[in-house]
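Chain residues, written in single-letter form:
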Amino acid sequence: MKIQILGSGCQNCMKLAKNAEEAVKAKGTECEIVKVTDIKEIMSYGVMQTPAIAIDGKVKSVGRVLSVEEIKKLL
Amino acid sequence: MLKYLADSLVYTLIGIQPGTRLGDTLNFFFYDTAKVFLLLITIIFVVAVIRSFFPPERARKLLGHHREYVGNFLAALLGIVTPFCSCSAVPMFIGFIESGLPLGVTFSFLISSPAVNEVALVMLWGLFGWKIALLYTATGIAVAFFGGIVIGKLKLEHLVEEYVYQIKMGECEMAVPTWKERIEYARGYTKDILKKVWIFVVLGIGFGALIHGYVPMDFVLKYAGPGNPFAVVVAVLLGVPLYSNAAGTIPIVQALVGKGLPMGTALAFMMSIVAISAPELIILRNVIKPKLLAIFTGIVAVAIIIVGYLFNAIL
């Protein structure tokens, strides 16, 4: 599985990435976390609000820092 | 109720005589702090729930069919209810332009979004009453509307960075959130904002209380009163770099208004704090050229100054 964190790299994006890492660790699943900071690539996901999170290329949440628990549910 | 609590705390519990300077100052501080925090929690929460119904994708769709004037007005309204942190200004700007929205309409949105800020709204409501809070909102919408119209008329499309026009946006299907998710979002949002502003609120009210209790009236009237024709301009220029401290500055301004600072000057000052901010300008620099950035800042600043003089004349 592959998790993409979409965002320019502001505080909220970093927090979301950290929460994702924790969620993956807690679940114990094999998972790669990628940060997407290029604006062209972020837009190609159809996202206008950052931070956003996508799993295997499918956008799951936009404009919000999901908690570790919420990300666990998505995995 | 709050007044009673503040009175009994200061005059009965601490035992300071009413009518003394120290008593007045402390009473003002406790009463205002309690009132503002109650309002902050309630209003930020309600605003966040409302915002969960207006994602930017929806704003983009709603604005898609409208051109100038109606489009500018709608954009100014949507700017208030659409949630967006300043980091999202770039993707939002690109998304709007990409969908074919006129530059002027896009700017009406970009101006109203920070200009009508819920924290500033709460501070104004709590400290000045709902009429001033409403006036502030209407002013923000007006500045966004006219600012966008002027930018549209100037035909500045060539001052947008070229790459913006080349980006193709993907499609993204988002599930409609449940009520539980909306409440959860609003709770988190309220917590985040409070964590960010509480210290400014407490410091601001504390400082305001000191002014309220100790600064003589002549002092304010001499420098910023109706006798100084440049007060509004100076207030706006001072307000620009003070970004994000609306929470701390409004209580100070309130105390100054109590000492004779004209309302228009005060409103212009607060508007400039929230509407034009250095961090947002830096972010917008990614999508527009410096010249357009300067024009945008100039138009908004001039609009706020006009508003300040207008209110000084009629209030």
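Located above this text is the structure these notes cover.
Reading guide: rules and limits
- Sequence order as written defines residue numbering, which begins from 1 separately in each chain.
- Chain labels run from A onward and ligand labels from 1 onward, assigned in the order the entries are written.
- Local features in this predicted model are restricted to residues whose pLDDT is 70 or higher, and side-chain atom pairs enter the listing and the counts only when it is 80 or higher, whereas totals over whole chains, interfaces and linings include all residues.
- For the side-chain quantities, the full set of heavy atoms in the structure was used; hydrogens and water were omitted.
- We call two residues contacting when some pair of their heavy atoms lies within 4.5 Å.
- Once two parts are brought into contact, the accessible area they lose, counted with a 1.4 Å probe and summed over both, makes up the buried area.
- Salt bridge, as used here: a side-chain nitrogen of Lys or Arg that lies within 4 Å of a carboxyl oxygen of Asp or Glu.
- Nonpolar cores were defined as sets of buried Ala, Val, Leu, Ile, Met, Phe, Trp, Tyr and Cys residues, with membership established by side-chain atoms within 4.5 Å.
- For every residue, the accessible area (1.4 Å probe, protein chains only) is compared with the maximum for its type, and the residue is labelled buried under 20%, exposed over 50%, or partly exposed between those bounds.
- Only DSSP runs of H or I covering at least 4 residues are called helices, and only runs of E covering at least 2 are called strands; the numbering of each starts at the N terminus.
- Throughout, an axis means a line fitted to C-alpha atoms (over the contacting stretch in the case of helices), and angles, computed between N-to-C directions, take values from 0 to 180 degrees.
- Angles below 35 degrees are treated as roughly parallel, those above 145 as roughly antiparallel, those between 65 and 115 as roughly perpendicular, and all remaining angles as oblique.
- In this scheme the crossing of two helices becomes right-handed for a clockwise turn of the near helix relative to the far one and left-handed for an anticlockwise turn of less than a right angle.
- Each residue is assigned to one of three groups, with Ala, Val, Leu, Ile, Met, Phe, Trp, Tyr, Cys and Pro labelled nonpolar, Asp, Glu, Lys and Arg labelled charged, and all others, Gly among them, labelled polar.
- In this analysis, a patch consists of residues with relative accessible area above 30% that form no salt bridge, clustered at 9 Å for like charges and at 5 Å for the nonpolar side chains Val, Leu, Ile, Met, Phe, Trp and Tyr.
- Note that accessible areas follow from Shrake-Rupley with a 1.4 Å probe, and for residues the cover is restricted to the protein chains shown.
- Should DSSP find at least two bridges between two strands, the strands are regarded as paired.
- With strands facing away from the observer, any crossover in which the path from the first strand over the helix to the second runs clockwise is taken as right-handed.

Asker: Just to check I follow, could you spell out the interface of chain A and chain B for this structure?
Answerer: When the parts of a complex come together, some accessible area is lost, and that lost area is often used as the size of the interface. Contacts between the two partners involve 19 residues from chain A and, on the opposite side, 24 residues from chain B. Summing both partners gives a buried area of about 1,800 Å² for chain A against chain B, and 68% of it is carried by carbon and sulfur. Contact with chain B buries surface across chain A, with Met 43, Met 48 and Gln 49 of chain A losing the most and accounting together for 39% of the total. Summed over the shared surface of chain A and chain B, the number is zero salt bridges.

Asker: I tried to follow the nonpolar core on my own but got confused; where do I start?
Answerer: Within soluble globular proteins, side chains that are nonpolar tend to cluster in buried spots. Core analysis: the largest hydrophobic core is formed by 102 residues, its most contacted members being Leu 40 and Phe 93 of chain B. When residues in this core are grouped by element, the largest group, eleven residues, is from helix α16 (residues 290-314) of chain B. Those residues in contact with Phe 93 of chain B, other than ones at most four positions away along the chain, are Leu 103, Thr 106, Phe 107, Leu 110, Val 160, Val 164, Val 287 and Ile 288 of chain B. Counting residues in hydrophobic clusters, the runner-up holds 13 residues, among them Ile 5, Ala 17, Ala 23 and Ile 55 of chain A.

Asker: Whenever I open this one, the packing of helix α12 (residues 231-239) of chain B against helix α14 (residues 263-275) of chain B confuses me. Can you help?
Answerer: How two helices sit against one another is set out by the angle between their axes and by the gap between those axes. All names here are of chain B. One way to put it is that α12 packs onto α14 with a least axis distance of 7 Å and a crossing angle of 25°. One finds that α12 runs roughly parallel with respect to α14. When the axes of α12 and α14 are compared, the crossing they make is right-handed. Every residue of α14 that contacts α12 at Ala 231, Val 232, Ala 235, Val 236, Leu 238 and Gly 239 is listed here: Thr 265, Ala 268, Phe 269, Ser 272 and Ile 273. The residue inventory of the contact of α12 with α14, partitioned by class, reads eight nonpolar, three polar and no charged.

Asker: I'm lost on a nonpolar patch on the surface in this one. Help?
Answerer: Together, Leu 22, Phe 207, Leu 210 and Tyr 214 of chain B give the surface a local cluster of nonpolar side chains, amounting to about 390 Å² of exposed area. Here Leu 22 of chain B shows up in helix α2 (residues 21-51).

Asker: Please clarify how the pairing of strand β2 (residues 32-36) of chain A should be interpreted in this entry.
Answerer: Looking along a regular strand, one sees side chains alternate from face to face of the sheet. Residues and elements named next belong to chain A. Here strand β1 (residues 2-6) pairs with β2 via five bridges, running parallel. Counterpart to Leu 6 in the pairing with β2 is Val 36. In the classification by handedness, the crossover that spans β1, the intervening helix α1 (residues 11-27) and the parallel β2 is right-handed.

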